Amino acid sequence: MKTFYKISSKDLGTVLLRRRKIAKALRWWLRENNIDFKYMFFVS
């Protein structure tokens with residue numbers, strides 16, 4: 001089983017990541033730059 005992290009925003013598009021640390025860093029960066037985004041994760 002693998003965990004996938006999906007981050008979507010108007011400026012960025014949709015990004016599908018496998019690494020939690022990279023997803024966490026991207027969400028932090030988006031928050032710092034006041035960019036709205038949607039975040040979800042799922043196990044496949």
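Use the structure listed above.
Remember, predicted model here, so these are calculated numbers, not experimental data. Sequence order sets the numbering: in each chain, residues are counted from 1 along the sequence as written. At least 70 in pLDDT is required for a residue's local features to be given in this predicted model, at least 80 for side-chain atom pairs to be given and counted, and no such filter applies to totals for whole chains, interfaces and linings, which use all residues. Hydrogen atoms and water are omitted, and side-chain values are computed over all heavy atoms in the structure.

**Student:** Can you help me understand helix H1 (residues 20-32) in this one?
**Tutor:** Given 3.6 residues to a turn, an α-helix orients residues that are three or four positions apart in the same direction. Only runs of H or I of at least four residues qualify as helices and only runs of E of at least two qualify as strands under DSSP, and these elements are numbered from the N terminus. Given a helix with a known number of residues, its expected span is that number minus one, times 1.5 Å. In a regular helix each residue adds 1.5 Å, so 13 residues correspond to 18 Å; H1 covers 18 Å between its end C-alpha atoms and thus fits that length. Where H1 is concerned, the buried positions are Ala23, Leu26, Arg27 and Leu30. Here the buried residues of H1 occupy an arc of 100° about the axis, which is enough to place them on one side. When the buried face of H1 is taken as reference, the exposed residues oriented beyond 90 degrees from it are Lys21, Trp28 and Glu32. Should any heavy atoms of two residues lie within 4.5 Å, those residues are considered in contact. Residues of H1 that are buried sit in contact with strand E1 (3-9), strand E2 (13-17) and strand E3 (37-43). Backbone geometry just downstream of H1 places Asn34 in the positive-phi region, at approximately 55°. Think of it in three bands: residues with accessible area under 20% of the maximum for their type are buried, residues over 50% are exposed, and the middle band is partly exposed, with areas taken using a 1.4 Å probe on protein chains only. The directions considered for the arc are those from the helix axis to the C-beta atoms.

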